[in-house]
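# Topology and contacts: notes
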Amino acid sequence: VPEDEDEDDEGDALPGMPCCPITGEPMINPVVAADGHTYERSAIARWLQTSDKSPLTGAVLVHKDLVPNYMLVSSLQESARMDEEDRKPKAQDSA
């Protein structure tokens, strides 16, 4: 895994990825902030440069750490994999 992958917001969002509440665009690198909400990493990082409050609730954040939302990403990856399998032609059983 490349070191800079965690900071990379370039690329395509997974199918079904929710939109960031700051940008309104599907998230590519979703992270959870101290308010428990998920944001696009670059958008919330910019927000936190000038504010110590949640962009959604207005409450003061107890910290400014951002945690990757692995659960959201893995869930959408699994969903996309299952959708792809459903689109593949099924092999006919020969009896």
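Attention here is on the structure that accompanies the text. (Residues numbered from 1 in each chain as written. Predicted model: local features only at pLDDT ≥ 70, side-chain atom pairs only at ≥ 80, totals over all residues. Heavy atoms only, no water.)

A few words now on the overall build of the chain. The helix and strand tally for the chain stands at 2 helices and 3 strands. In the chain, which comprises 95 residues, the proportion classed as buried is 23%. Considering only contacts in the chain between residues 6 or more positions apart, those separated by 24 or more positions represent 38%. Counting every atom, the chain has about 6900 Å² of accessible surface; 51% of that belongs to carbon and sulfur. (Helix = DSSP H or I, 4+ residues; strand = E, 2+ residues; numbered from the N terminus. Buried < 20%, exposed > 50% of the residue type's maximum accessible area, 1.4 Å probe, protein only. Contact = heavy atoms within 4.5 Å. Areas by Shrake-Rupley, 256 points an atom, 1.4 Å probe, with all protein chains shown as cover.)

Quick look at the nonpolar core now. If you look at the biggest cluster of nonpolar residues, it comprises 12 residues: Met-17, Cys-20, Met-27, Val-31, Ala-33, Tyr-39, Ala-43, Ile-44, Leu-48, Leu-61, Leu-72 and Leu-76. Secondary structure elements with two or more residues in this core: helix H1 (41-50) and helix H2 (70-87). If you tally residues by element for this core, the top one is H1, at 3 residues. When residues no more than four places from it in sequence are discounted, the contact partners of Tyr-39 are Cys-20, Pro-21, Ile-22, Met-27, Asn-29, Pro-30, Val-31, Ala-33, Ile-44, Ser-54, Pro-55 and Leu-56. (Core = buried A, V, L, I, M, F, W, Y, C linked by side-chain atoms within 4.5 Å.)

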